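Here is what each chain is made of, one letter per residue.
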Amino acid sequence: MIALGGAIGTGLFYGSATVVKMAGPAITLSYLIGGIVIFFIMRALGEMAVAHPVSGSFSQYAYQYWGELPGFVAGWNYWFNYVVVGMAELSVIGTYINYWLPDIPTWVSALVCLVLVTLINVINVKAYGEFEFWFAIIKVLAIIGMIVFGIAMIVFGIGNGGQPVGLSNLWSHGGFFPMGLHGVVMSLVLVMFSFGGVELVGITAGEAENPKKTIPHAINQVVWRILLFYVGAMTVILAIFPWNEMETTGSPFVQIFSHVGISAAANLLNFVVLTAALSAYNSALYSNGRMLFGLAQQKNAPKFFGKLNSAGAPVNAVLVSSAFTLITVLVSYLDPEKVFLYFMALATISVIINWAIILIVQLKFRNQRVQAKEPLVFKMPFYPLGSYFCLAFLVLVVIIMAFMPDMRYSLYVAPVWLLCLYIAYKLKSKS
């Protein structure tokens, strides 16, 4: 549920409208391709998490199997990634609130939600788990309900005056590939942003009661479920609602039911997409706290972050991470129209760095295990071809980002960020 909560969020409920404009109905193919890559990345992480379950996940693995500098970079980049993801999730909460209360400024909604989620994360790890479970349940049931109701509209015309909608919208407005293969390729960047969060399973390994059983089960299940939710949900939406009439502001899940005049369903789904954003921010803050805690354990962050409260939560790490996401409130005030795109671009490049580190570390981890003749309980399939294939795909995504004006600036930020981490590591080593 934690992995589903992290991956089924703003990317699907809000960002999918932008992606549909890029590829049309063929976006379902983009999600399928992205899902296959994510499966291999998850299995690479799972192989290490089962063999070595720790809180802090692949930062610890990079530190142990690659070296001190990669471990330092992996940990801090992952923290940066989820700070930015948290900002992206917070940035759209105001849009959902405005569906009901248009006069409330988006920055006010972001600030209120930030405070509430922070309190949840410092109370108790069980409080986080309980809230995340119910947040994820709401999303999962809503998507299943929307798919079932959408199929009823497509086949039986329920909610459409008894007239079956059919599947013609999937090819009637410029064909299935209205933007050609170029559109599918360009959409892969935003699709990969949508899948960011599935690696949260690895973060939770250190706190799972039976990681050798639960982690493989979670990884194998979450990938096909995400594919079902993304591919299935988008196929239903695009069958009901012409892709060329979809607006890029607001959630397409709400738009389709507003379009056909079912206000009750539209209101319900707006509540769902609101809880989805809260869920993804909740997951982001949880992972940030654990990553800073893990960095403190490695002595790659101040000891201050290694302090636990009486409930076992890394309270200082959570509070500092939450304080950084306050930047969202400021940007939402200054430029509410483009705030989501700014943070999405940064989140995409940082999660690509994370996934690349996972794959490289897994190659080194496997090599060490083979040399030591130590058996593996949960092996990544098609090793090492699967790892190299995914690395090549991630390089392709970065190249595509260079041709997208709204994404290109993140490619300037990433080298500067990595250079800052290198300098910080050298200063830490000297001190």
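Residues numbered from 1 in each chain as written. Predicted model: local features only at pLDDT ≥ 70, side-chain atom pairs only at ≥ 80, totals over all residues. Heavy atoms only, no water.

A.B. asks: Which residues make up the overall build of the chain, and what are the values?
C.D. replies: When you go through the chain residue by residue, the secondary structure sums to 18 helices and zero strands. In the chain, which comprises 431 residues, the share counted as buried stands at 59%. In the chain, the share of contacts with a sequence separation of at least 24, taken over all contacts with a separation of at least 6, comes to 80%. Roughly 17,100 Å² of accessible area belongs to the chain as shown, and the carbon and sulfur atoms make up 69% of that amount. (Helix = DSSP H or I, 4+ residues; strand = E, 2+ residues; numbered from the N terminus. Buried < 20%, exposed > 50% of the residue type's maximum accessible area, 1.4 Å probe, protein only. Contact = heavy atoms within 4.5 Å. Areas by Shrake-Rupley, 256 points an atom, 1.4 Å probe, with all protein chains shown as cover.)

A.B. asks: So what's going on with the packing of aromatic side chains? Which residues, and what values?
C.D. replies: This structure, assessed with the given rule, holds 15 aromatic pairs. Judged by centre distance (5.0 Å) and plane angle (85 degrees), the ring pair of Y65 and F365 falls under edge-to-face. Remark: F365 occurs in helix α16 (residues 339-372) and Y65 occurs in helix α5 (residues 58-65); sequence separation between them is 300 residues. Residues Y65 and F365 agree in their burial class; the two are buried. Ring geometry for F176 and F177: centres 5.1 Å apart, planes at 85 degrees, overall edge-to-face. Cluster of aromatic residues (ring-pair linked, three or more members): Y31, F195 and Y230. Taking NZ or CZ as reference, R366 lies 4.1 Å from the ring centre of Y383, over its face. (Phe/Tyr/Trp six-rings, centres within 6.5 Å; stacked < 30°, edge-to-face > 60°. Lys NZ or Arg CZ within 6 Å of the ring centre and 35° of its normal.)

A.B. asks: Please set out the pattern of salt bridges residue by residue, giving values where relevant.
C.D. replies: Across all of its chains, the model carries one salt bridge by this definition. Here R366 makes a salt bridge to E47, at a shortest N to O gap of 2.6 Å. Separated by 319 residues along the polypeptide, R366 in helix α16 and E47 in helix α4 (residues 27-51) bring together distant segments of the chain. E47 carries the same exposure label as R366, and that label is buried. (Salt bridge = Lys/Arg side-chain N within 4 Å of Asp/Glu carboxyl O.)

A.B. asks: Lay out the environment of L228 in plain terms, naming residues and giving numbers.
C.D. replies: Within the secondary structure, L228 is located in helix α11 (residues 211-240). Given a relative accessible area of 44%, L228 falls into the partly exposed group. In the structure, L228 is positioned 193 residues away from G35 in sequence and 9.9 Å away in space, judged by C-alpha atoms. With near-sequence residues (within four places) excluded, L228 lies in contact with I147 and A233.

A.B. asks: Hey, could you go over the nonpolar core for me, with residue numbers and the actual values?
C.D. replies: Of all hydrophobic cores here, the largest spans 140 residues; its most connected members are Y61, F195 and W355. A per-element tally of this core places α16 first, with 19 residues. Contact partners of Y61, with chain neighbours within four places excluded, come to L45, M48, A49, H52, P53, V54, W66 and V361. (Core = buried A, V, L, I, M, F, W, Y, C linked by side-chain atoms within 4.5 Å.)

A.B. asks: Would you mind going over empty space enclosed by the protein in detail, with residue names and values included?
C.D. replies: Enumeration according to the criterion identifies two cavities of 30 Å³ or more in this entry. In terms of lining residues, the second largest cavity is bounded by N77, F80, L346, I349, S350, I353, S410, V413, A414 and W417. Of all the secondary-structure elements, those providing two or more residues to the lining of the second largest cavity are α6 (68-100), α16 and α18 (405-430). Looking at the lining of the second largest cavity, its residues break down into seven nonpolar, three polar and no charged. (1 Å grid on protein atoms, 1.4 Å probe; cavity = no way out; pocket = protein on both sides within 12 Å on 5 of 7 lines; lining within 4 Å. Points joined across faces, edges and corners; volume = space filled by probe spheres on them. Nonpolar A, V, L, I, M, F, W, Y, C, P; charged D, E, K, R; others polar.)

A.B. asks: Tell me about the side chain of S109, and name the residues and values.
C.D. replies: Locating S109 in the fold gives a position in helix α7 (residues 106-123). Note on S109: relative accessible area 6%, which makes it buried. Excluding residues within four positions of it along the chain, S109 makes contact with I93, G94, I97 and I104.

A.B. asks: Which residues make up unusual backbone geometry, and what values do they have?
C.D. replies: Leave glycine aside and you will find that most residues have negative phi; peptide bonds, for their part, are mostly trans. Each neighbour pair has its own omega, and for Y383 with P384 the value is 0 degrees, a cis peptide bond. If you trace the backbone, P384 turns up in the loop between α16 and α17 (385-401).

A.B. asks: Which residues make up the confidence of the model for the chain, and what values go with them?
C.D. replies: Any segment with low pLDDT has predicted coordinates that should not be analysed in fine detail. Averaged over every residue, the pLDDT of the chain is 82; residues scoring 70 or more account for 89%. Across the chain, the element-wise mean pLDDT spans from 60 in helix α1 (residues 2-7) up to 94 in α17. (pLDDT = per-residue confidence, 0-100.)

A.B. asks: Break down α16 for me, citing the residues and quoting the values.
C.D. replies: Here α16 is 34 residues long and its end C-alpha atoms lie 49 Å apart, about the 50 Å a rise of 1.5 Å per residue gives. Burial within α16 is extensive, with 25 of its 34 residues counted as buried. At the exit of α16 stands K373, carrying a positive phi of roughly 55 degrees. (Expected span 1.5 Å × (residues − 1).)

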